Each structure stands twice: as structure tokens, then as C-alpha cells.
Amino acid sequence: MTETIQNSVISVLIEDESGALARVVGLFSGRGYNIESLTVALVDAEQKLSRITVLTSGTPMVIQQIKAQLKRLIPVHDVCDLTEEGPYVGRELALVKVVSSGERRTEALRIADSFRARPVDTTATSFVFELTGSPEKIDAFIELMRSLGLAEVSRTGIAAIGRGPSVFHLNKEPV
Amino acid sequence: MTAAERDAGTGNEALNGAEVLLRVLDEEGVEVIFGYPGGAVLPIYDALFKQDRIRHILVRHEQAAVHAAEAYARSTGKVGVVLVTSGPGATNAVTGLVDALMDSIPLVCLAGQVPTKLIGNDAFQEADTTGITRPATKHNYLVREPGTLAQIVREAFEVARSGRPGPVLVDLPKDITVGKAPLTKPALSRLQRLRHQGGPDAEAIAQTLEAMKTAKRPLFYTGGGIINSGPEASDLLRRLARKTGFPVTSTLMGLGAFPSPDPQFLGMLGMHGSVEANMATHGCDLLIALGSRFDDRVTGRVDAFSPNSFKVHADIDPSQIDKIVPVDVRIEGDVRDTLEALLEGWGETPAPDLSTWWNQIASWRSVDGFGFTQDMAPSAVIRPQHAVRRLYELAKETGRDTFVSTEVGQHQMWAAQHFQFDKPNRWLTSGGLGTMGYGLPAAVGAQVAHPDALVIDIAGEASTLMNIQELGTIAQYRLPVKIFILNNHYMGMVRQWQELLHGSRYSQSYSEALPDFVKLAEAFHATGMRATHVGELDDVIRRMLAHDGPVVADICVAEGENCYPMIPSGAAHNQMLLGPDQDSEAAGLTEEGKMLV
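All of these numbers come straight from a predicted model, not from anything done at the bench. (Residues numbered from 1 in each chain as written. Chains lettered and ligands numbered in written order. Predicted model: local features only at pLDDT ≥ 70, side-chain atom pairs only at ≥ 80, totals over all residues. Heavy atoms only, no water.)

Residues and numbers for the overall build of chain B, please.
A tally of regular secondary structure across chain B gives 24 helices and 18 strands. Taken over the C-alpha trace, chain B has a radius of gyration of 25 Å; the compact-globule value for 597 residues is 25 Å, and the two agree within 12%. Projecting the C-alpha coordinates of chain B onto the three principal axes gives extents of approximately 75 × 60 × 45 Å. Within chain B, contacts between residues at least 6 apart in sequence are counted, and of these 75% link residues at least 24 apart. Accessible surface for chain B amounts to roughly 22,600 Å². Of this, 51% is attributable to carbon and sulfur atoms. (Helix = DSSP H or I, 4+ residues; strand = E, 2+ residues; numbered from the N terminus. Rg over C-alpha atoms; globule rule 2.2 N^0.38 Å. Contact = heavy atoms within 4.5 Å. Areas by Shrake-Rupley, 256 points an atom, 1.4 Å probe, with all protein chains shown as cover.)

Have a look at this one:
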């Protein structure tokens, strides 16, 4: 029985309390689930809710398990599989440092421009480019910078949200 | 906490945190705490000293406190409560917490912690208790503000008993229990979202009933969820089985939910289950799982598990459904509500004609996989199965309400096979985690909860030594627990696997240098007895049962006995080993299976 491995982007609304992120990360490591990337930040200060976006992979049965196991965590309010629920926008931010001069420096700047990557720090011998987009777009940019003096990369991992007017969490009931 | 909630508190009484804690425990209906004192919990012990509503049972090791509380919880249906100190107190409790997590036992474990200002400084007896117990509990808390203490403790109880029950730990820094804290009233629970809304899905119930009415070879596969759901669920199961005429099998954790002597009961299924239960599971065309979780000890080889059945899975924890075996119908919710809905839907439908199925079951039953031959010559060696059967029969003669705990290993399986239960909550065993050393402290917890009942720990000599210090607790509280040791001088289940899978190389599984259990009993102010031959067995059991104090009975049994039937790891239900003479390869014993546990 061969089962296909699929990628899934899962959003988790979780109470912003001590140890909450550790519960989520510990669940993934403890049960042998994969984390390709994970982002987290407070999104609702009033209700103290953070939103975690996890890019994970597994067979359909494993993805179902990941969602069911996440829902068991007491501080988790809601879990949404953006990959399953329909089209979504997924964006990642990257800071890419390129150290080079002469021809290669000019070429790096030209390519950055075509990717809409902005130089946010410039010295005579280096740039730090800021770039947002899909992980694939960032991969492509980094690949192109490799021969042009790529020195350091910092990426946030994907943050994602569903397209259209429907809302993941209305949160009408008291919590 | 809102201002309104704060005002609702009676902070003007100026209680300290420890007193607030005890008040909340009292309001939650706590009567007994199992614990062990230490520096970080001194304020709580001081508050305990000054009150007489909550009883404290002093154990001899924190692991035992948790097992005792587990048995207390499982035998009463209430939340068990544990109190331990920081650092080693908390780490010693971890095994018990995982045990409770695996077997869905509601517990609240209160742990002392160093003062909040010292957290993170590697202070004396400091451990990152919430970090260590995060995967060992259903949920845990560190109380950082006195104002949140009462609410967190109330919430801990709610988390422990709601939904699928489990252990909850509350870490209590010493400054929180020493300092003043408000006794806040229960606020509107922030956990309302966790409570299951409404009954089982009507469509799923309808699909199940439809399948039940057309099935030719149906089977109920019941688990610990029925026990957790309360005696009413057991009663509903019995009624549904009567109305439908369906056979019932049970997991280890579910024993007692359905009366084991009943002809409709096929016995336990799984690795050491009955022939009829396993063959019926393999051959059924409708499998209805009720509060059970398709554990690997039950399923054997997953892709060969019950291959031709329509499967229904009812569980209170949605994450258990489709986890191991994909099912056709999922019913989320309390199994009591599911049983009620099925009974109501079944109505007055006459029981279908299942005579072909029952005839098939009868032919499997005639194999008598639990059978054994005991030589009754007085000097003959005692077979462990015979010892358990006689214990059951003689205990039954007493007419007393009987609770049985076990350790882990062969004796546990023989107890499950040969001791009969007709009521829920009487069978206390470590199923999921398989914790050697569970049975003796569990007997303590059960006896504390039921002082007038007959409480027996069916033990192995190796397991029981793991928490033998609890004989001290038994002596202190004069608990008339009976410790019935099937002593074969081996870690029997390890020895059995070494025989079957590792060429009879008995690596480290012989119990060298065992204590004299009779003298050991006497050293702990209990009565010791010993039976070395079958001629002495009944007399020892009778004297043990008649004695009004604690007894350690050392029953010397056949050393090389194996536990059968056995489905070797990696084999299917129809590939059971029935006895020592069977070709093990034909029974699915493979190199691949050797890698499984």
C-alpha cells in the first residue's frame, strides 16, 4: 500500500500563554511529524491569541492525525488546513546578504530589482535584500544569488491566510 | 482575570495560597490525597495539618502516589489527587503520569516548585517540571500569580475529568502557597469550547443501525472508554448486547464492562486474547469499536486486522478515529450517549438470526485456548493459570466485592484470562504503558477508596519488587491488601519472548537473589504465606482471604510456563500460537516481527 506524501499548510489559533508554542512543537517532534517551517506571532492582543502557521508534510492519514492531535491541546482554539480548505495566500519574508563587487554586484542588484527585492542595507561591498513571496520564489532568488556573492540568508517561514471573504475564526463565543 | 472576578473572591479572609488550594480541593469533592512531603510543599503540608476534611495517605515513593491515585480514580470514577514536592518529587511522579495518560485516568498532580524568583537558577530541588511533564500530561500549569491559583486548580479538575480523561499537573512555586491568595469563585469557564456539544451525529448512528440490522457476523469490540464513561455505559452495553444478540469482546482496559462469565462474551482480544475473540475479530463482517483505540496489542498486523468488516468507531477523542485502522463510520462523543442512541434506534427490532455466526464462534470456542492441565497430585508443581483460577473461585465464594490490581507481564495476562469480572471498575491494570510496579500501589489506592472490599494484587515476583516499599504504606494504614505473587523466578514475559524469538538465551531475565517474601512480609508487619506445591494452594488462598490484615502470598509456580494463546508481533489474528508444540513460523513469527515490540 503506497500512500502519497502531501504538503499541508496548517493554521493554528492558540492562546498566547507560557509554553503554548512548546506544546505544539513538542507534539510534532514527539509523534514524529515533520515541520518544514513554522511561524508564530500574536494576532489578537485583546483575546491573547497567537496564530501559528505550520508547513508540514505526510500521508493524508498523518495530516488528519496532525490536525486532530493539535485540536486536543487545551490552549488551541482552532485548527485550519489551508491546503484543504481552498485557495490561500502564503508568503514568506527573506533577508539575503550578498557580498560582492564589480560586475557581480551590478548583476545582483539587477536581478533583485526584477524580483522586487529591496536593498535595506547597502555598503560599498554588500547588500541586504528584503524579499517577500512564495517559498518557491525565494528559493529561486537565493539560487540566482549563489554565483553573485550570496553570504547569508534569514527566512521567516510561511505565513498564510485563506483567499476570499470567508474567515477562519469568528470567535463569537466567550472564551 | 477580570476585575469582576477578582471582586467576587473572598480575599478579605486573608488565606494563604496553600489554604486556598485546600479550600478548592474540598469544593471539588476531594476526600483523599496521595503524597509525599518535601521542602517546596511544606506550606501545603502545614495547611493539611490544620484541617481534617481531606485525608492524606503518605506513600513511600512518589511513583506509588500516582499509581495509588490512579486506582482510586478508576475504582471510584472520581479524580485522583497527588501531592509531591519539587525536583525529584515531581520527576519520580512522571512514570505514573504517563501511565495515567496512556490509560485515560483522571488525575490532578500538585507539585511544589521553587519560589518564582528562583525559577531558572538551578536552585536546590529545582526541575523544569512543566517542561518535563508537558508530554506526560493532558495539560499542565505553572501558577505564576496568586490571583490565578484558585481558578487554575478548578480548571485542572475540569480538564482532568472532561472529554477523554487524563492527568493534569499544577506546578506550585513556594511563594504562591506561602503568600496570600484570593479564593476566587468559579468563573465562567474558559474551557466551554472544550466540552462536547450535543450527542452523537444522527447520520452516523443511522448508518451504524443500518449496518447492524443487515450484518451476518457482527461484533462489539469494547474498551476502557466504557469504564471511563461510568457504570451507566456498562449497563447500556449489556442491554444493547441482549437486544441484538451480538457477541462482545473487550480490550484489557475494558474488562468488567460486560460480565465475563456471560455466554455472549468472547473474552479479551489481542496478543494474549481468546481464540474465539481473535477469530471473530478476524472473521466478522461488522466491527463496532466502542471506546477502544486499536492499540497494537489488539490489532496485531494492521493490514491484516479484521480484513472483511464494515467498521464503526465510537470514541470521545476524535484523534483516535482513523489513527491506526481506517473506519467506515466515525461517531464522536461520549460512548454512553452513543450506546443510548443505538439502543433507542434499535428499539423493539427483534434480534436477528445469527445462529450460523454463533455456531462458528462455538467451534472456535471449543479449541479452549486458555486450557491447561494441572496435575492434582499434592506434590505437583503449581501451574500459574490454576493458581489464578483457584484464587478467582475461592474469592467468589467469599461473596465480597472484589477489586483486582496487577503488575505487568505474564501474571497480568493470566489474570485477565482466568479471573472473571461481572462489574466495571473492579479491574486495575497498567495497559498502555505497561508499568511494572503498578499493582502494589494500585491496591493501596483501591483499598483506601473501598475499605471494606477485598483487594488483591495479582503480582509477579519481579514486578512487585519495583514498588515493594509500599508495604510500609500498607502497614501504616492497616490496609488489608492481599498480594498474590506468582513466583516463577523469571521476568516471565521477557523469558517467554527470549525463548520464542531469541533462541532461549535468557539474558538477564532470571530473578537472582530474590528475597524471602514471607520474611519480607513479616518485616513490614504483614503476614507471609507460601505455597510450593499444588496440595498447599487452596489452603494458602483460603487463609489469605480469611485474614483480616495484609498478606503476602508467595505462590511458587512452574518456571517455564508460557502465556498462550499468543499472536506474535507482526502476525495476524488468525495466526495465533496456541501452545508450545506449534510450529512458530506457521504462526506468523517472522524476522520482521522481531523488530516490533
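Now that the structure has been shown, we can carry on.
I'd love a proper account of the interface of chain A and chain B, names of residues and values included.
On the side of chain B, 22 residues touch chain A, which itself brings 17 residues to the contact. The contact between chain A and chain B buries some 1,600 Å² in all, and 52% of this surface belongs to carbon and sulfur atoms. Seen at the junction of chain A and chain B, the total is one salt bridge. Applying the counting criterion to the chain A and chain B interface returns four residue pairs in polar contact (both at pLDDT 80 or more). Of all the elements in the fold, those that place two or more residues in the side of chain A that touches chain B are helix 1 (20-30), helix 2 (60-72) and strand 4 (76-81) of chain A. Top element by residues in the side of chain A that touches chain B is helix 2 of chain A. It accounts for five residues. Taken together, the residues that form the side of chain A that touches chain B break down as eight nonpolar, five polar and four charged. (Buried area = accessible area lost by both parts, 1.4 Å probe. Salt bridge = Lys/Arg side-chain N within 4 Å of Asp/Glu carboxyl O. Polar contact = N/O pair within 3.5 Å; in protein donor to acceptor, adjacent residues only side chain to side chain. Nonpolar A, V, L, I, M, F, W, Y, C, P; charged D, E, K, R; others polar.)

Could you give an account of the confidence of the model for chain A, naming the residues involved and the relevant values?
Looking at chain A, pLDDT values average 93 and 95% of them are 70 or higher. When the criterion is pLDDT under 50, residues 171-175 of chain A qualifies, and its contacts beyond four places in sequence or with other chains add up to eight contacts. (pLDDT = per-residue confidence, 0-100.)

Tell me what's going on with the sheet that holds strand 1 (residues 6-15) of chain A, and back it up with residues and numbers.
All names here are of chain A. Pairing is antiparallel in the open sheet, where four strands are placed in the order 2-3-1-4. Strand pairing shows two members of the sheet lacking a second neighbour, strand 2 (37-44) and strand 4, which therefore form its edges. Taken pair by pair, the neighbouring strands of this sheet meet at an average axis angle of 20 degrees, ignoring direction. Where strand 1 and strand 4 come together, five bridges link them in antiparallel fashion. The residue bridging L13 from the neighbouring strand is D78, located in strand 4. (Pairing = 2+ DSSP bridges. Axes fitted to C-alpha atoms, helices over the stretch in contact; angles between N-to-C directions.)

Kindly report on the sheet that holds strand 12 (residues 329-332) of chain B, identifying the contributing residues and their values.
All names here are of chain B. A sheet is described by the order of its strands in space; here six strands give the open sequence 9-8-7-10-11-12, paired in parallel fashion. Looking at strand neighbours, the two that pair on one side only are strand 9 (265-268) and strand 12, the edges of this open sheet. Ignoring which end each strand starts from, the neighbouring axes of this sheet average 15 degrees apart. In terms of strand pairing, strand 10 (residues 286-290) meets strand 11 (residues 310-315) through five bridges, oriented parallel. Looking across to strand 11, one finds that L290 is bridged to A314. Against the sheet, helix 11 (residues 231-244) contacts strand 7 (218-222), strand 8 (248-250) and strand 10, and its axis sits at roughly 170 degrees relative to strand 7.

Could you give an account of the pairing of strand 7 of chain B, with specific residues and numbers?
All names here are of chain B. The element strand 7 is largely enclosed, with a buried count of five among its five residues. Taking every second residue as pointing to the same face, both faces of strand 7 are buried, with P218, F220 and T222 on one and L219 and Y221 on the other. As judged from the five bridges shared by strand 7 and strand 10, these two strands associate in the parallel manner. When the sheet's bridge partners are listed, F220 is paired in strand 10 with I288. (Buried < 20%, exposed > 50% of the residue type's maximum accessible area, 1.4 Å probe, protein only.)

Which residues make up the domain arrangement of chain A, and what values go with them?
The extent of an interface is frequently quoted as the accessible surface area lost upon association of the parts. All names here are of chain A. Domains assigned within chain A are domain 1 (6-86) and domain 2 (89-159). For domain 1 versus domain 2, the separation of C-alpha centres amounts to 29 Å. In this complex, domain 1 contributes six residues to the contact, which on the side of domain 2 involves four residues. Of the roughly 360 Å² buried between domain 1 and domain 2, counting both surfaces, carbon and sulfur atoms make up 69%. When the area that domain 1 buries against domain 2 is broken down by residue, the three leading residues are S37, T39 and T53, summing to 70%. Our count for the domain 1 to domain 2 interface comes out at zero salt bridges. Scanning the region where domain 1 abuts domain 2 turns up two residue pairs in polar contact (both at pLDDT 80 or more). When residues of the side of domain 1 that touches domain 2 are traced back to their parent elements, those giving at least two are strand 2 and strand 3 (49-58). In terms of residue count, strand 2 provides more of the side of domain 1 that touches domain 2 than any other element does, three residues in total. (Domains from an automatic or database assignment.)

Describe the packing of aromatic side chains, with residues and values.
To describe a pair of aromatic rings, you give the distance between the ring centres and the angle between the ring planes. The final tally for this structure, using the stated rule, is 16 aromatic pairs over all chains. Aromatic pair F294 of chain B and F305 of chain B: ring centres 5.7 Å apart, planes at 85 degrees, arrangement edge-to-face. Note that F294 of chain B is positioned in the loop between strand 10 and helix 13 (296-299) and F305 of chain B in the loop between helix 13 and strand 11, a separation of eleven residues in sequence. The class of F294 of chain B is buried, set by a relative accessible area of 2%. On the basis of relative accessible area, F305 of chain B is assigned to the buried category, the value being 3%. Between Y392 of chain B and F419 of chain B the ring centres are 5.1 Å apart and the planes differ by 70 degrees, which places this aromatic pair in the edge-to-face class. Within this pair, whereas Y392 of chain B is found in helix 16 (residues 384-398), its partner F419 of chain B is found in the loop between helix 17 (410-418) and strand 14 (427-428), the two being separated by 27 residues in sequence. The same class applies to Y392 of chain B as to F419 of chain B, namely buried. Every member of this aromatic cluster is reached through a ring pair, and the members are F115, F127, F129 and F141 of chain A. In this structure, R105 of chain A packs its charged tip against the face of F127 of chain A, placed 4.2 Å from the ring centre. For R495 of chain B, the ring lying beneath its charged end belongs to Y490 of chain B, and the centroid distance is 5.8 Å. (Phe/Tyr/Trp six-rings, centres within 6.5 Å; stacked < 30°, edge-to-face > 60°. Lys NZ or Arg CZ within 6 Å of the ring centre and 35° of its normal.)

Break down a positive patch on the surface for me, citing the residues and quoting the values.
All names here are of chain A. A cluster of basic side chains, namely R91, R116, K137 and R163, defines a positive patch on the protein surface. For K137, the position within the fold is in helix 5 (residues 135-145). A relative accessible area of 30% places K137 in the partly exposed class. (Patch = residues over 30% accessible without salt bridge, like charges linked within 9 Å, V, L, I, M, F, W, Y side chains within 5 Å. Lys, Arg positive; Asp, Glu negative; His and termini not counted. Charge placed at Lys NZ, Arg CZ, Asp CG, Glu CD.)

Let's hear about the environment of F127 of chain A: which residues, and what values?
All names here are of chain A. Tracing the backbone shows F127 in strand 7 (residues 126-133). By relative accessible area, F127 is classed as buried at 6%. For the pair F127 and L95, spaced 32 residues apart in the sequence, the C-alpha separation amounts to 9.9 Å. Residues within four places of F127 in sequence aside, it is in contact with V96, K97, V98, R105, L109, P119, D121 and T122.

Run through a nonpolar patch on the surface, naming residues and quoting values.
A cluster of nonpolar residues, L21, V25, I35 and V40 of chain A, forms a patch on the protein surface that exposes about 260 Å² of accessible area. Relative to the helices and strands, V40 of chain A resides in strand 2.

I'd like a description of the nonpolar core, backed by residues and values.
Across soluble globular proteins, nonpolar side chains have a tendency to be buried as a group. Residues and elements named next belong to chain B. Ranked by internal contacts, the top residues of the largest apolar core, which has 101 residues, are M212, L290, L339, F419, F484, L486 and I555. Sequence-distant contacts of M212, defined by excluding residues within four places in its chain, comprise F220, L240, T244, F246, L286, I288, L342 and W346. Within the second largest apolar cluster, 50 residues are counted, among which are V32, A73, L428 and L471. (Core = buried A, V, L, I, M, F, W, Y, C linked by side-chain atoms within 4.5 Å.)

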